[in-house]
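# Examining the three-dimensional arrangement
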Amino acid sequence: MNDPHLGALRVRRATVGQLQTAASTILAPLAVTAKGVDGFRADIDAVAVGRLSVARIRGSGHLVARTPRVITSTDPELLKITLHRSPRPAAVDQGGVQSRAHGGDFVVLDMTRPYRLAVADGCDVTAVGISRTELGRHADAVAGRAARRLPAGSGAQAVLSAFLDGLGRHLDELSGAQRAHIGDALVSLLVAAFTDGAVPGRMDTETALVDRIRVYTLANISDPSLCVDSAAAAHGISARQLHRLFQRTGEPYAAWLRRERLARIRRDLLDPAHDSRTTAAVAARWGIHDPRHLARALRAQYGRSARELRYERP
């Protein structure tokens, strides 16, 4: 489920083994154990929304562990954000921080490090998997809350909680185009909820410049001449300086720009409202005019051609 083009997953009365397989597919390899395995049952609903994964798990109590043995350098740098609705508290342990999440609490877990999450019988947990890249400069602030409960009774947390409650009830009803738009909204809500009230670090000049370049780029993303050189010139720096700035983000500028363009093209191809537009017209809207380049890029990013994205909607 880490790949955003994957469809929905729905399993009823899952066994422990089935839950482990599903959880590992949705996020990253996990170990799931439970007492009274023979009587264990869980209902699983999961779907990719944009570039995020969302899953709702309801059923018997169990222990989920991300162990050192299953963590590899090739795993995506994901954060797992859980909303607990279980009647009994869940026990969380990561990096020496321990807490108990009650009904209505959020908990962040860093998938790049070991953790343990024990939920009691009658569990009802909604989990969101999001990459650090999606959170941008907010990733460290969100990850810094790992294993600490965050009540969802007011403010942005309450808005996010209500959003996830509704999403969890209707996961299997969403079209591909709707998922993409909901994914965009969910990223914004996560940033609002998990950076609200956080003590901000001092934003250095280079970080502020990267943010300005990103804003400029997204505002001009439909311009086919937009590139490293033009973005650098617009901000009075050299292309070499721009490359160095984006090295700190972990993703080169050109790769980030290509990913942002492809995400918008894919969203339009999945949206029936754009069925009257040719694929070339959709791509041109977002600054890509070379059909061969588009075909290769879509296949590399999503494992689908434009035709497959458009006519094999989930």
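### Concerning the overall build of the protein
Summing up its helical and strand segments, the protein has 12 helices and 12 strands in all. Its C-alpha radius of gyration of 21 Å places the protein within 12% of the 20 Å reference for a compact globule of 314 residues. Summarising its shape, the C-alpha atoms of the protein cover approximately 60 × 45 × 40 Å along the three principal directions. Looking at the protein residue by residue over its 314 residues, the buried ones come to 47%. Nonlocal contacts in the protein, meaning residues at least 24 apart in sequence, comprise 73% of its contacts between residues at least 6 apart. With the model as given, the accessible surface of the protein reaches about 15000 Å², and the carbon-plus-sulfur share is 51%.

### Structural notes on the sheet that holds strand β4 (residues 52-59)
As a general point, the strands of a sheet are linked pairwise by backbone hydrogen bonds and lie either parallel or antiparallel. Strand order in the open sheet made by the seven strands is β1-β3-β4-β11-β6-β9-β12, with antiparallel pairing throughout. Bordering the open sheet on either side are β1 (9-14) and β12 (149-151), each of which pairs with just one other strand. Taken over all neighbouring pairs, the strand axes of this sheet differ in orientation by 20 degrees on average, direction set aside. Taken strand by strand, helix α4 (residues 155-169) contacts β4, β6 (78-84), β9 (105-110), β11 (123-131) and β12, and its axis lies near 85 degrees from that of β9.

### Observations regarding the pattern of salt bridges
Throughout the structure, instances matching the rule amount to 18 salt bridges. Across the salt bridge formed by R51 and E260, the nearest N and O atoms sit 3.9 Å from each other. Pair noted here: R51 is in the loop between β3 (42-49) and β4 and E260 is in helix α9 (residues 253-270), with a separation of 209 residues, a long-range link. Accessibility expressed as a relative area gives 25% for R51, which makes it partly exposed.

### Digging into the side chain of R145
Mapping R145 onto the fold places it in the loop between α3 (139-143) and β12. By relative accessible area, which is 19% here, R145 ends up buried. A distance of 2.9 Å separates the side chain of R145 from the backbone oxygen of F194, its partner in a polar contact.

### Focus: the pairing of β3
Here β3 lies mainly inside the structure; seven of its eight residues are buried. Pairing analysis gives four bridges linking β1 to β3, with the strands arranged antiparallel. Looking across to β3, one finds that R10 is bridged to D45. Here β3 runs beside β4; their pairing, made up of eight bridges, is antiparallel. Its bridge partner being in β4, D45 is matched across the sheet by R56. Counting the residues between successive antiparallel strands, the hairpin from β3 to β4 contains two residues, one of them, G50, with a positive phi of roughly 60 degrees.

### With respect to the packing of α9 against helix α11 (residues 291-302)
Relative to each other, α9 and α11 sit at 90 degrees, their axes nearing to 11 Å. With respect to α11, the axis of α9 lies roughly perpendicular. Residues R258, R259, L262, A263, I265, R266 and L269 of α9 form the contact with α11, whose participating residues are H293, L294, A297, L298, Q301 and Y302. A per-class count over the contact of α9 with α11 returns eight nonpolar, two polar and three charged.

### Examining unusual backbone geometry
Its identity as a non-glycine residue notwithstanding, R13 has a phi of 55 degrees, on the positive side. By the secondary structure assignment, R13 is in strand β1. A relative accessible area of 55% means that R13 is categorised as exposed. Look at A147: it is not a glycine, yet its phi comes out positive at around 70 degrees. We classify A147 as buried; its relative accessible area is 0%.

### Focus: the pairing of β4
Within β4, six of the eight residues are buried, leaving the element largely enclosed by the surrounding structure. Taken together, the seven bridges between β4 and β11 define a ladder with antiparallel strand orientation. The residue bridging R56 from the neighbouring strand is T126, located in β11.

Criteria and thresholds
Residues numbered from 1 in each chain as written. Predicted model: local features only at pLDDT ≥ 70, side-chain atom pairs only at ≥ 80, totals over all residues. Heavy atoms only, no water. Helix = DSSP H or I, 4+ residues; strand = E, 2+ residues; numbered from the N terminus. Rg over C-alpha atoms; globule rule 2.2 N^0.38 Å. Buried < 20%, exposed > 50% of the residue type's maximum accessible area, 1.4 Å probe, protein only. Contact = heavy atoms within 4.5 Å. Areas by Shrake-Rupley, 256 points an atom, 1.4 Å probe, with all protein chains shown as cover. Pairing = 2+ DSSP bridges. Axes fitted to C-alpha atoms, helices over the stretch in contact; angles between N-to-C directions. Salt bridge = Lys/Arg side-chain N within 4 Å of Asp/Glu carboxyl O. Polar contact = N/O pair within 3.5 Å; in protein donor to acceptor, adjacent residues only side chain to side chain. Parallel < 35°, antiparallel > 145°, perpendicular 65-115°, else oblique. Nonpolar A, V, L, I, M, F, W, Y, C, P; charged D, E, K, R; others polar.

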